[in-house]
Amino acid sequence: RWQATRRRASFLEQQTLEAGTRLLEEAMNASQQGSPTKFTYESDKKNRQSYVSQQAVEAGDDPNAVDDEGLPLVYSVERIATFWDSKPEQLAERWSRFLRISTPFVTRFFFSLVNNRLWEDEADLAKQAVDNLTELGPTFIKLGQVLSIRPDVLPAVTMRELSRLQDSIDTFSTEEARSIVEFELKRPIAEVFSSFGETPIAAASLAQVYRAIVRETGQEVAVKVQRPGSLSTVSKDLYVLRRLADVTQPLIRRFTNDETDYIALTETFAEGLYTELDFRNEALNALKMQKLMKERAAPEVADRLVIPSPLLELTTRRVMVSEWVNGVRLSTLPQAEIRDLIAIGQEVFLTQLLELGFFHGDPHPGNLLKITEGPDTGKLCLLDFGLVAQVPEFDRDIIVASVVHLGTQNWDGLIDDFVSLGFLAKDTDRGSLIPILQRVLGPYLRGGGAQSFKGANFQALTQDLLKVNLEVRFSIPPYVSLLARSVATLEGVALQGDPGYQLVSQAYPFVVRKLLKNENRQSFSALRELLYDPVTRRLRPQRLSTMLQASLGVIADSGKQAGFIDFDTAPEDGAPLSEVVSFLLSAKAANLRPLLNAELCYGLDLGLRRAGRRLRTSVREFLQPRIPFFGIRLPAPPLLPLIVPLESSGGSASSGVKLMQVEAVLDAIFPPLTPSDDVDLDTLSEAARGAFFGDDHAGDAPEFSPFSVQTLLSILPALGLQMGGSGAAGGAAADVAKALRESLTVPNLRSALVDEVLLAVAQELLRTWRARLAVA
């Protein structure tokens, strides 16, 4: 182990020496007057699409505007580089400061690594790193805040130390803040506000917030004021970070299998941070999110969410005024309250990500509040929309499909998803990758040893996914870094309220509703894969039951699930029949109804075949009674044959008739059930019990009466006497649908099934029975 550590240290020292040499060259080049920046490497073309919401530009703001110094107001690495190329002294000073502060830490880190003391010195190293980030200023503080919620990047001790950056931010003076407000609003502060706080009520790396009252309206507001010189400092630091990425990416790709586009990740972070400096853009993000959530979120979610409204007339690029909300951080609440509100937060996030494609990219714990006063008391408040990301609809559908493929252990499908999302190259060696995915991800899934992973969560899954990165070429698309931040933060808060919280299983109801509602090929294909057994090609009843219950928000307790992703464990107490049926008949289940109609037709046919065989026996008993005491059957009286019309090849018109005996007709329409058919019928009955009634109501499952004479007598005329024209065919289907409804033994189910559903099923049954008669 010691030799391996030394070899690893030697390898790292080699990289560090090479990177250090390059960085010194960069610092020297920065001091050369007029030397234009030439980045050696660029991000991969596929990753150059921006995912950061630019609502201000969309609203008409000039994307090429500059501030008083000449710095661009909208992120552009080329324009920022051009600006700082003209100020080599300031740039060289920043490089020198960066190297002066970071070099002692890097030296100590490698000393600990080489001497096998890394774990012993971890806490001290983490503290020194936080001190360095704080000293380097807002950009690096923001970077530290991002890393503080990334367990996939840093160990727990370091993350805890970095969390100090969330709270302990030094403030700037109120005099400076008032001066900025007056400059931005172009009016004396007393003219705008009748009251303005003497001290800030909150401070962050880029701004601090004051409590105030608008003089004209008397409305209590929060006034967010940007730190002086933020744009200049941040732009300079982002320039330095971009040059760092230019140095480190080729080294990483040379010595590892990591195909991550770190230049694109750096530019995504840079664009997001730069955009956060435009408070007008933040206000427009908040207004758009308000509108979208009200229009498209579930009412029970939208009604419990508050997004404070900004006052656009008092908002500029460096000052933002919004309505005041009294609240406390979600993370500080008792566990029961956290559990209650995190369920809303989860639905809000999933709606933003999978439904809207417009999601909050920085939901750190300070941005999630419980409102404690006023008419919205008890609701969840979401703050700070400075960084909002956008995800294309195609990618959103692939994300949903990947959850299904992971849960069903469809490794080929999962690899296809990873390729589509940009995680893997198209020429990835699937033969070598599938065993790796099975080994790393299998333990989280039902049947994969997941019982030993009761404490598994998204953070643990993320860490194990990174192990794949050590063995195959893997890439992390830029927007995924924003997504990972949001998920990790949400789950981190949720785990404080429920140590057994599992994000993916709790998100299953939303994923199900998304699958059922989306009328596109991708969703329909994923739905079929989820519901149908790939071997038997028959419906999985238990999974259907779980899915229908999940669609109504009812899932099994996490302690009883057989894995991190478990599509089969049904809840003990299911939703009532009326809710299930109402959901099935709503637009929310558009994708599911064609599948269920086919299964309902198949199940009814099996049930009628079983009843038909019993009826055939009853007819025989009636026509051929036994002689008492002797047990001998009397001869059957002669019966007139039935005239059976034959369909043409098109199936729409009669092409002749043939004569068939009644028993032959019954044998053709209702062939005996095979052992496999019997199993299917019993299985579908179980599905009906679970889906509609729950396991405690086994006796309430819908079935046919043992001798459905009326049903079968209605079918024979429909097939024989009413097959002639199109109108008769429609009437035949209506007669069969009516007979089917009356034969159902459960009154509330009989009344719940609408005519359209039974008519569609009856038409399909008639087609099936006619086809059997044609070949009899």
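The coordinates are above.
What this report covers is the structure whose coordinates are included nearby. (Residues numbered from 1 in each chain as written. Predicted model: local features only at pLDDT ≥ 70, side-chain atom pairs only at ≥ 80, totals over all residues. Heavy atoms only, no water.)

1. Digging into the overall build of the protein
In step 1: Looking only at helices and strands, the protein features 31 helices and 13 strands.
In step 2: Considering the protein as a whole, with its 776 residues, one finds that 53% of them fall into the buried category.
In step 3: Within the protein, counting contacts between residues at least 6 apart in sequence, those at least 24 apart form 71% of the total.
In step 4: A total accessible area of about 35,300 Å² is found for the protein, and carbon and sulfur atoms account for 55% of it. (Helix = DSSP H or I, 4+ residues; strand = E, 2+ residues; numbered from the N terminus. Buried < 20%, exposed > 50% of the residue type's maximum accessible area, 1.4 Å probe, protein only. Contact = heavy atoms within 4.5 Å. Areas by Shrake-Rupley, 256 points an atom, 1.4 Å probe, with all protein chains shown as cover.)

2. Some words on the nonpolar core
In step 1: Judged by nonpolar contacts, the single largest core of 90 residues is most densely connected at L531 and L592.
In step 2: With ten residues, helix 15 (residues 335–356) is the single largest residue contributor to this core.
In step 3: L238, V240, A270 and Y274 belong to the second largest nonpolar core, which has 32 residues in total. (Core = buried A, V, L, I, M, F, W, Y, C linked by side-chain atoms within 4.5 Å.)

3. Side note on the sheet that holds strand 9 (residues 368–371)
In step 1: Spatially, the four strands line up as an open sheet ordered 5-10-9-7, and their pairing is mixed. Taken across any chain shown, the strands that pair with only one partner, and hence form the sheet edges, are strand 5 (305–306) and strand 7 (327–329). (Pairing = 2+ DSSP bridges.)

4. Re the packing of helix 15 against helix 16 (residues 393–407)
In step 1: Contact pair helix 15 / helix 16: the axes reach a minimum separation of 8 Å and the direction vectors enclose 115 degrees. Residues L353, L354, E355 and L356 of helix 15 touch helix 16, and the partners they reach there are R396, I399 and V400.
In step 2: Residue composition of the contact of helix 15 with helix 16, by class: five nonpolar, no polar and two charged. (Axes fitted to C-alpha atoms, helices over the stretch in contact; angles between N-to-C directions. Nonpolar A, V, L, I, M, F, W, Y, C, P; charged D, E, K, R; others polar.)

5. Observations concerning helix 23 (residues 541–551)
In step 1: Among the eleven residues of helix 23, ten are classified as buried, and the element is accordingly described as predominantly covered.
In step 2: Of all the positions in helix 23, only P541, R543, L544, S545, T546, M547, L548, Q549, A550 and S551 are classed as buried.

6. Some points on a nonpolar patch on the surface
In step 1: Taken together, the side chains of I643, V657 and L659 make up a nonpolar region of the molecular surface, amounting to roughly 320 Å² of accessible area.
In step 2: Its location among the elements puts I643 in strand 12 (residues 642–647).
In step 3: The exposed category is assigned to I643, whose relative accessible area is 52%. (Patch = residues over 30% accessible without salt bridge, like charges linked within 9 Å, V, L, I, M, F, W, Y side chains within 5 Å. Salt bridge = Lys/Arg side-chain N within 4 Å of Asp/Glu carboxyl O.)

7. What to know about the packing of helix 16 against helix 17 (residues 411–421)
In step 1: Contact geometry of helix 16 with helix 17 gives a least axis separation of 9 Å together with a crossing angle of 155 degrees. Classified by the angle their axes make, helix 16 and helix 17 are roughly antiparallel. In this structure, helix 16 crosses over helix 17, and the sense of that crossing is left-handed. Two secondary-structure elements touch here, helix 16 through F394, D395, I398, I399, A401, S402, H405 and L406 and helix 17 through W411, G413, L414, D417, S420 and L421.
In step 2: Tallied by class, residues from the contact of helix 16 with helix 17 come to eight nonpolar, four polar and two charged. (Parallel < 35°, antiparallel > 145°, perpendicular 65-115°, else oblique. Left-handed = near helix turned anticlockwise from the far one by under 90°.)

8. Details of the packing of aromatic side chains
In step 1: Summed over all chains, the structure comprises nine aromatic pairs.
In step 2: Ring plane angle 65 degrees and centroid distance 5.8 Å describe the contact between Y75 and Y274, whose orientation is recorded as edge-to-face. In this pair, Y75 is assigned in the loop between helix 2 (55–58) and helix 3 (77–85) and Y274 in helix 12 (residues 262–276), connecting sequence segments 199 residues apart. The two residues Y75 and Y274 agree in class, both being buried.
In step 3: An aromatic cluster is present here, built from W95, F98 and F140 joined pairwise through their rings.
In step 4: The ring centre of F279 lies 5.0 Å from the NZ or CZ of K224, which sits over that ring.
In step 5: In this arrangement the basic side chain of R528 is found over the ring face of Y532, its NZ or CZ atom lying 4.6 Å from the centre. (Phe/Tyr/Trp six-rings, centres within 6.5 Å; stacked < 30°, edge-to-face > 60°. Lys NZ or Arg CZ within 6 Å of the ring centre and 35° of its normal.)

9. Considerations on the environment of R473
In step 1: Structurally, R473 is set in the loop between helix 19 (458–468) and helix 20 (478–497).
In step 2: Residue R473 is classed as partly exposed on the basis of its relative accessible area of 39%.
In step 3: Sequence separation of R473 and F423 is 50 residues, and the distance between their C-alpha atoms is 8.8 Å.

10. Let's talk about unusual backbone geometry
In step 1: A positive phi angle, close to 65 degrees, is found at D384, a residue other than glycine.
In step 2: Counting through the fold element by element, D384 comes out in the loop between strand 10 (380–382) and strand 11 (388–390).
In step 3: The residue Q409 is not glycine, and still its phi comes out positive at about 60 degrees.
In step 4: If you trace the backbone, Q409 turns up in the loop between helix 16 and helix 17.

11. Focus: the pattern of salt bridges
When charged atoms on two side chains of opposite charge get close, those side chains can pair.
In step 1: Evaluation of the coordinates by the stated rule reveals 26 salt bridges.
In step 2: The salt bridge involving K142 is made with E276; its shortest N-O contact spans 3.2 Å. In this pair, K142 is assigned in helix 6 (residues 138–147) and E276 in helix 12, connecting sequence segments 134 residues apart. For the pair shown, K142 and E276 are each scored as buried.
In step 3: The salt bridge involving D412 is made with R430; its shortest N-O contact spans 3.5 Å. Of the two residues, D412 sits in helix 17 while R430 sits in helix 18 (residues 430–441), which places them 18 residues apart along the sequence.
In step 4: When salt bridges with common partners are traced through the structure, they connect D605, R609, D677 and R772 into a single cluster.

12. Considering the side chain of S230
In step 1: Tracing the backbone shows S230 in helix 11 (residues 230–255).
In step 2: What makes S230 buried here is its relative accessible area of 3%.
In step 3: Only 2.8 Å separates the side chain of S230 from the backbone oxygen of R227, close enough to count as a polar contact.
In step 4: Contact partners of S230, with chain neighbours within four places excluded, come to L206 and L277. (Polar contact = N/O pair within 3.5 Å; in protein donor to acceptor, adjacent residues only side chain to side chain.)

13. What to know about the side chain of T139
In step 1: Mapped onto the fold, T139 is located in helix 6.
In step 2: At a separation of 3.1 Å, a polar atom in the side chain of T139 contacts the side chain of D237.
In step 3: Among residues more than four places away in sequence, those in contact with T139 are T233, V234, D237, L238, L241, F269 and L273.

14. As for the pairing of strand 3 (residues 207–214)
Consecutive side chains of a regular strand alternate in pointing toward one face of the sheet and then the other.
In step 1: Counting buried residues along strand 3, six of its eight residues qualify, which places the element largely inside the surrounding structure.
In step 2: Here two bridges tie strand 2 (residues 202–203) to strand 3, and the two strands are oriented antiparallel to one another. In the strand pairing of strand 3, A203 is matched with Q208.
In step 3: Where strand 2 folds back onto strand 3 in an antiparallel hairpin, the turn is made up of three residues.
In step 4: As defined by bridge partners, strand 3 adjoins strand 4 (residues 220–226) across seven bridges and the pair is classed as antiparallel. Counterpart to A212 in the pairing with strand 4 is V221.
In step 5: Linking two consecutive strands that pair antiparallel, namely strand 3 and strand 4, is a turn of five residues; a positive phi of about 80 degrees is found at G218 within it.

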